[in-house]
Amino acid sequence: MAKFVIRPATAADCSDILRLIKVAESPSSSRGVGWRWFRFPGWGDSRLEVWAGVRAQPVPLSAPIPGPAATPPRPPHSLPLSWPAGASFCFLLFSLLCASPQELAKYEYMEEQVILTEKGNSTVAGRGTSVRCLSPSSRPLPSLFPLLADLLEDGFGEHPFYHCLVAEVPKEHWTPEGHSIVGFAMYYFTYDPWIGKLLYLEDFFVMSDYRGFGIGSEILKNLSRVAMKCRCSSMHFLVAEWNEPSINFYKRRGASDLSSEEGWRLFKIDKQYLLKMATEE
Amino acid sequence: MASVRIREAKEGDCGDMLRLIRELAEFENLSDQVKISEEALRADGFGENPFYHCLVAEILPASGELLGPCVVGYGIYYFIYSTWKGRTIYLEDIYVMPEYRGQGIGSKIIKKVAEVALDKGCSQFRLAVLDWNQRAMDLYKALGACDLTEAEGWHFFRFEGEAMRKLAGK
């Protein structure tokens, strides 16, 4: 690849940033190892296909993969299949070809009831049943990705919550759909009361066809320069422990794993609990 | 009887804040890592573009007592962004002096931060806990928190000092 440019994003880049956020999370992207996709032919109908994706440690080739014969029709609230051992996170993918809002609602509700069962026993697989829905169709499920308007307001409005760098390629290297933006990094500034400002890398993605040309390294270089220019003493980010390629990429460049080294754990509190706290006496 | 008030920190609180930040570092057995100065805290939190926000817990003396109000705890938070969840609030530090624990002051601070989160349109509240701090983990879980490191395998990574300079090509 002859030339590419890493530059700060502008408001006009928002639709490309949203496009890349969706590509990064799509099943075909498989950020890191261990994406396995299983189709449930006994579910859905002629207009609706149901798939489940599992992010897990690499599965030995001998592990059974459920095929049509292994998936008898089941009521939507249970999933008695042999998941690969070690599955810790599951995406449920609905390919909605032309579902009505009512059907959509029915399947969104279903997501709350899906239970994973580990092969040979009925306990919940992995260490948690985080189930999310993804749809690759032109009708994205509402709660999944930010709306373009939110991304614009939150990044380029009066109070920016994030900043972005984008990787742009010249016309001869545009994507088949005619896009010039092929990678991005989303970051913001955080604060450590012991040392001061930090740069936090929230998201970092280069389209798979554009990897291996140094775009990722160049983005990281730009980010480090931004950090130093803003007098940040370090750059923090999260990596999933099963994501070996990313872990290797960062460790090769001198990053340290604070969770392993110092014992830090990330906790979250969802909105329903915030409301509970705020309204309780 | 003394009462507790949770209020927004003012520039004049920076001395108390630094005292408590040092106490928290001591509690985490990492006190040699506090490099920040009162001036930096003031500039970074109370300048034109604040990098953090702070709430302090103040004990208000009962009428008739000679001592004025005193700061016995704090919470430092800021706003972050998630590509999935959008606006999020992040509680960076929370600390209550040992002699004032067990009275619900920590919970009051967290509740106040939750109110700020909702007020500013945040859909999630995040924080980090050290794995040996069982008391803190229990408190957060009782309030509805979920351990994402355990549930989803997320690890905190860092490029710092020399590693960051090398990345920058300097």
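What counts, and at which threshold
- Residues numbered from 1 in each chain as written.
- Chains lettered and ligands numbered in written order.
- Predicted model: local features only at pLDDT ≥ 70, side-chain atom pairs only at ≥ 80, totals over all residues.
- Heavy atoms only, no water.
- Axes fitted to C-alpha atoms, helices over the stretch in contact; angles between N-to-C directions.
- Helix = DSSP H or I, 4+ residues; strand = E, 2+ residues; numbered from the N terminus.
- Left-handed = near helix turned anticlockwise from the far one by under 90°.
- Contact = heavy atoms within 4.5 Å.
- Nonpolar A, V, L, I, M, F, W, Y, C, P; charged D, E, K, R; others polar.
- Buried area = accessible area lost by both parts, 1.4 Å probe.
- Salt bridge = Lys/Arg side-chain N within 4 Å of Asp/Glu carboxyl O.
- Polar contact = N/O pair within 3.5 Å; in protein donor to acceptor, adjacent residues only side chain to side chain.
- Pairing = 2+ DSSP bridges.
- pLDDT = per-residue confidence, 0-100.
- Core = buried A, V, L, I, M, F, W, Y, C linked by side-chain atoms within 4.5 Å.
- Buried < 20%, exposed > 50% of the residue type's maximum accessible area, 1.4 Å probe, protein only.
- UniProt positions renumbered as here; feature names shortened; annotations may be inferred.
- Disulfide = S-S within 2.5 Å.
- Arc of directions from axis to C-beta.
- Phe/Tyr/Trp six-rings, centres within 6.5 Å; stacked < 30°, edge-to-face > 60°.

Asks: Explain the packing of helix α7 (residues 271-279) of chain A against helix α3 (residues 105-119) of chain B to me, and be specific about the residues and the numbers.
Replies: Between α7(A) and α3(B), the least distance of the axes is 9 Å, while the angle of their chain directions is 120 degrees. For the element pair α7(A) and α3(B), the recorded crossing hand is left-handed. Judged by residue contacts, Lys271(A), Leu274(A), Leu275(A), Met277(A) and Ala278(A) of α7(A) engage Ile110(B), Lys111(B), Ala114(B), Glu115(B), Ala117(B) and Leu118(B) from α3(B). For the contact of α7(A) with α3(B), the per-class residue count stands at 8 nonpolar, no polar and 3 charged.

Asks: Just give me the short version of the environment of Glu160(B), but keep the residues and values in it.
Replies: Tracing the backbone through its elements, the reader meets Glu160(B) in strand β7 (residues 154-160). With near-sequence residues (within four places) excluded, Glu160(B) lies in contact with Ser233(A) and Ser234(A).

Asks: Please give an account of the interface of chain A and chain B that cites residues and values.
Replies: Between chain A and chain B, the residue contacts involve 74 residues of the former and 70 residues of the latter. Here chain A packs against chain B, burying approximately 7,400 Å² in sum over the two surfaces, 64% of which is carbon and sulfur. Summed over the three residues of chain A that lose the most area to chain B, namely Tyr191(A), Trp194(A) and Phe267(A), the buried surface amounts to 14% of that side. Our count for the contact surface shared by chain A and chain B stands at 3 salt bridges. For the interface between chain A and chain B, the tally reads 27 residue pairs in polar contact (both at pLDDT 80 or more). Residue composition of the side of chain A that touches chain B, grouped by class: 38 nonpolar, 13 polar and 23 charged. As paired strands, strand β11 (residues 264-270) of chain A and strand β5 (residues 124-130) of chain B are joined by 7 bridges and run antiparallel to one another. Residue Lys268(A) lies in a different strand from β5(B), and its bridge partner there is Arg126(B).

Asks: Requested: an account of the sheet that holds strand β8 (residues 196-206) of chain A, with residues and values cited.
Replies: Read across the open sheet, the 7 strands follow the order β1(A)-β6(A)-β7(A)-β8(A)-β9(A)-β7(B)-β10(A); overall the sheet is mixed. Of all the strands in the sheet, the pair left with one neighbour each is β1 (5-8) and β10 (256-257) of chain A. Two elements, strand β7 (residues 181-192) of chain A and β8(A), share 10 bridges in a ladder whose sense is antiparallel. Bridge pairing links Phe189(A) to Leu199(A) in β8(A). Contacts from helix α5 (residues 244-252) of chain A reach β8, β9 (234-240) and β10 of chain A together with β7 of chain B, with the element oriented near 160 degrees to β9(A).

Asks: Explain the confidence of the model for chain B residue by residue, including any values.
Replies: Of all residues in chain B, 99% attain a pLDDT of 70 or more, and the chain-wide mean is 91. Prediction confidence for the complex, expressed as pTM and ipTM, is 0.74 and 0.87 respectively.

Asks: Run through the nonpolar core, naming residues and quoting values.
Replies: Counting residues in hydrophobic clusters, the biggest one holds 115 residues, and the most contacted among them are Leu220(A), Leu223(A), Tyr250(A) and Phe125(B). Residues in contact with Phe125(B), not counting those within four places in the same chain, are Phe267(A), Lys268(A), Ile269(A), Leu274(A), Thr88(B), Ile89(B), Leu91(B), Ile110(B), Val113(B) and Ala114(B).

Asks: Give me the lowdown on the UniProt feature "domain: N-acetyltransferase" (unreviewed entry) in chain B, citing residues and values where you can.
Replies: Here the UniProt feature "domain: N-acetyltransferase" (unreviewed entry) sits at residues 4-169 of chain B. Strand forms 33% of residues 4-169 of chain B and helix 36%; the C-alpha atoms that close the span are 51 Å apart.

Asks: Please provide a residue-by-residue account of the state of the cysteines, values included.
Replies: Where two cysteines share a covalent bond between their sulfur atoms, that bond is called a disulfide. Residues and elements named next belong to chain B. In this structure the tally under the stated criterion is 0 disulfides over all chains. This cysteine, Cys 70, is not joined by any disulfide, and Cys 54 carries the nearest cysteine sulfur, 15 Å off. Overall, Cys 70 belongs to the partly exposed group, its relative accessible area being 33%.

Asks: Tell me about unusual backbone geometry, and name the residues and values.
Replies: At Arg231(A), a position not held by glycine, the phi torsion is positive, near 60 degrees. By the element assignment, Arg231(A) lies in the loop between α4 (215-229) and β9.

Asks: Now, about helix α2 (residues 38-46) of chain B: what can you tell me, with residues and values included?
Replies: Three or more residues of α2(B) are buried, namely Leu41(B), Asp44(B) and Gly45(B). Around the axis of α2(B), the buried residues are gathered within 90 degrees of arc, so they sit on the same side. Looking at the buried residues of α2(B), the elements they touch are β7 and β8 of chain A together with α1 (14-27) of chain B.

Asks: Got a sec to walk through the packing of aromatic side chains? Specific residues and values, please.
Replies: The geometry of two aromatic rings is summed up by the distance between their centres and the angle between their planes. All told, the structure shown has 20 aromatic pairs over all chains when counted by the stated rule. Taking the centre distance of 4.8 Å and the plane angle of 35 degrees together, the rings of Tyr162(A) and Tyr81(B) count as tilted. Pair noted here: Tyr162(A) is in the loop between α3 (148-156) and β6 (163-168) and Tyr81(B) is in strand β3 (residues 70-82), and the two residues belong to different chains. Between Tyr250(A) and Phe159(B), the ring centres sit 6.3 Å apart and the planes meet at 75 degrees, which makes this aromatic pair edge-to-face. On the criterion of chain membership, the pair formed by Tyr250(A) in helix α5 and Phe159(B) in strand β7 is interchain, its members lying in two chains. For the pair Tyr250(A) and Phe159(B), a shared accessibility class is recorded, and that class is buried.

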